[in-house]
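This is what each chain is made of:
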Amino acid sequence: MKIVSTKSNLQILHEDNHIIVVNKRVGDIVQGDKTGDKPLSEVVKEYIKDKYNKPGEVFLGVVHRLDRPTSGIVVFARTSKALTRLNEMFSARETQKTYWAVVKNKPDKTEDTLVHFLKRNEKNNTSKAHLKEIPDSKIAKLDYKIIRELNSYFVLEIDLHTGRHHQIRAQLAAIGCPIKGDLKYGFDRSNPDGGIHLHARKLVFVHPVSKEKIDLVAATPKNSVWDAI
């Protein structure tokens, strides 16, 4: 895995004139929210402004997001042309996203395809997975397979086919396998850093301008469980 830079507490996986891709840390928010905490998008803007001595406001488009307690690959657009094309690609599911998740309970099957209907609860910011369609629900589909067994945990590799709110968290909880540290979805205790063991591990997509294939892998956070993998 090539890391372009680690300046400004950023682990940059890819950088060119049109896009910049970073490995998000647990606890970072991608875009500003009601907490008022400094978002990752602003940190990246400051990095670009400093590196290239850019006067005035730096353009940076948020293409997609990761939940605050998760880690892994986040793509930003540096030009409006790239932002438009990336938005189209992500909306059309023309990207390949692979996640790693650590769970305590072993799934019934070593590998499987999960299909649920997710309904979002705005009040408590959760999504509940249902086996049958209900009003205002959206279909959610993913593939998983067990890739490693640790002393007390199982590591799942997940390929997403849809991109719903808290999809992986809700679907794994629905089969009795909440993600380590994820109190919101039924895990019994939190992680010391307040995060969860869900990591956006790999992303494959076509560059929005050059059309070359971009294939990126992000290192997992440094802690005893991830290090064991």
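Residues numbered from 1 in each chain as written. Predicted model: local features only at pLDDT ≥ 70, side-chain atom pairs only at ≥ 80, totals over all residues. Heavy atoms only, no water.

A.B. asks: Looking at this structure, I do not really get the side chain of His-199. What am I missing?
C.D. replies: Its location among the elements puts His-199 in strand S10 (residues 198-206). On the basis of relative accessibility, which here comes to 0%, the residue His-199 falls in the buried class. Here the side chain of His-199 touches Ala-219 through a polar contact of 3.2 Å, landing on its backbone oxygen. Ignoring anything within four residues of it in the chain, the contact list for His-199 reads Asn-23, Ser-71, Gly-72, Thr-98, Tyr-99, Trp-100, Ala-218, Ala-219, Thr-220, Pro-221 and Trp-226. (Helix = DSSP H or I, 4+ residues; strand = E, 2+ residues; numbered from the N terminus. Buried < 20%, exposed > 50% of the residue type's maximum accessible area, 1.4 Å probe, protein only. Polar contact = N/O pair within 3.5 Å; in protein donor to acceptor, adjacent residues only side chain to side chain. Contact = heavy atoms within 4.5 Å.)

A.B. asks: Could you clarify how one ought to interpret the nonpolar core in this entry?
C.D. replies: Ile-20, Val-22, Val-44, Phe-76, Ile-158, Ile-168 and Leu-172 are the most contacted members of the largest nonpolar core, which has 33 residues in total. Residue assignment for this core shows that the elements contributing at least two residues are strand S2 (19-24), helix H1 (40-52), strand S4 (71-77), strand S5 (96-103), strand S8 (138-149), strand S9 (154-160), helix H3 (167-174) and S10. Leave out the neighbours within four places in its chain, and Val-22 touches Leu-10, Gln-11, Ile-12, Leu-13, Leu-40, Val-44, Gly-72, Ile-73, Val-74 and Phe-76. If you look at the next biggest cluster of nonpolar residues, it comprises 17 residues, including Ile-19, Val-21, Ala-77 and Leu-83. (Core = buried A, V, L, I, M, F, W, Y, C linked by side-chain atoms within 4.5 Å.)

A.B. asks: Quick question: what am I supposed to make of the pattern of salt bridges here?
C.D. replies: If the charged atoms of two oppositely charged side chains come close together, the side chains can form a pair. Within this structure, the stated rule accounts for 15 salt bridges. Between Arg-25 and Asp-28 there is a salt bridge, with its nearest N and O atoms 3.2 Å apart. Relative accessible area serves as the criterion here: at 16%, Asp-28 is assigned to the buried category. The shortest N-O distance in the salt bridge between Asp-67 and Arg-169 comes to 3.1 Å. Here the residue Asp-67 occupies a position in the loop between strand S3 (61-62) and S4, and Arg-169 occupies one in helix H3, the gap between them amounting to 102 residues. (Salt bridge = Lys/Arg side-chain N within 4 Å of Asp/Glu carboxyl O.)

A.B. asks: Where do I start with the pairing of S8 in this structure?
C.D. replies: Successive residues of a regular strand alternate their side chains across the two faces of the sheet. Sheet topology places strand S6 (residues 111-121) next to S8; eight bridges connect them, and they run antiparallel. Of the residues in S8, the one forming a bridge with Phe-117 is Ile-139. Pairing of S8 with S9, which is carried by seven bridges, proceeds in the antiparallel orientation. Bridge assignment links Ile-146 to a residue of S9, and that residue is Leu-156. With antiparallel pairing between neighbouring strands as the criterion, S8 and S9 make up a hairpin whose turn holds four residues. (Pairing = 2+ DSSP bridges.)

A.B. asks: How should unusual backbone geometry be read in this particular structure?
C.D. replies: Most of the time, phi is negative for any residue but glycine, and the peptide bond is trans. Unlike most non-glycine residues, Asn-53 shows phi in positive territory, near 50°. Tracing the backbone shows Asn-53 in the loop between H1 and S3. For Asn-125, which is not glycine, the phi torsion reads 55° and is therefore positive. Since its relative accessible area comes to 32%, Asn-125 is described here as partly exposed.

A.B. asks: Help me out: how do you make sense of the environment of Leu-203 in this one?
C.D. replies: With respect to the helices, strands and loops of the structure, Leu-203 is situated in strand S10. Judged by its relative accessible area of 4%, Leu-203 is buried. Here the alpha-carbon distance between Leu-203 and Val-74, two residues 129 residues apart in the chain, equals 9.1 Å.

A.B. asks: Explain helix H2 (residues 80-91) to me, please; I cannot follow it from the model alone.
C.D. replies: Residues three or four positions apart in an α-helix share a direction because the helix packs 3.6 residues into each turn. Taking 1.5 Å of rise per residue, twelve residues should cover 16 Å, and H2 covers 16 Å from first to last C-alpha, within 8% of that figure. Residues Ala-82, Leu-83, Leu-86, Met-89 and Phe-90 constitute the buried set of H2. Here the buried residues of H2 occupy an arc of 130° about the axis, which is enough to place them on one side. Exposed residues pointing more than 90 degrees away from the buried face of H2 are listed as Ser-80, Glu-88 and Ser-91. (Expected span 1.5 Å × (residues − 1). Arc of directions from axis to C-beta.)

A.B. asks: Even after reading the chapter, I still don't get the side chain of Thr-70, so can you show me in this structure?
C.D. replies: Along the polypeptide, Thr-70 turns up in the loop between S3 and S4. Excluding residues that lie within four positions of it along the chain, Thr-70 makes contacts with Lys-24, Arg-25, Val-26, Ile-196 and Leu-198.

A.B. asks: Which parts of the structure should I look at to understand the pairing of S4?
C.D. replies: Taken across its seven residues, S4 has seven buried, putting it largely inside the fold. The pairing of S2 with S4 spans six bridges and is classified as antiparallel. When the bridges of S4 are listed, Lys-24 appears paired with Gly-72. As defined by bridge partners, S3 adjoins S4 across two bridges and the pair is classed as antiparallel. When the sheet's bridge partners are listed, Val-62 is paired in S4 with Phe-76. Two strands pair when backbone bridges link them, and S4 and S10 are joined in this way by two bridges, in the parallel orientation. Across the sheet, the residue bridging to Ser-71 is His-199, located in S10.

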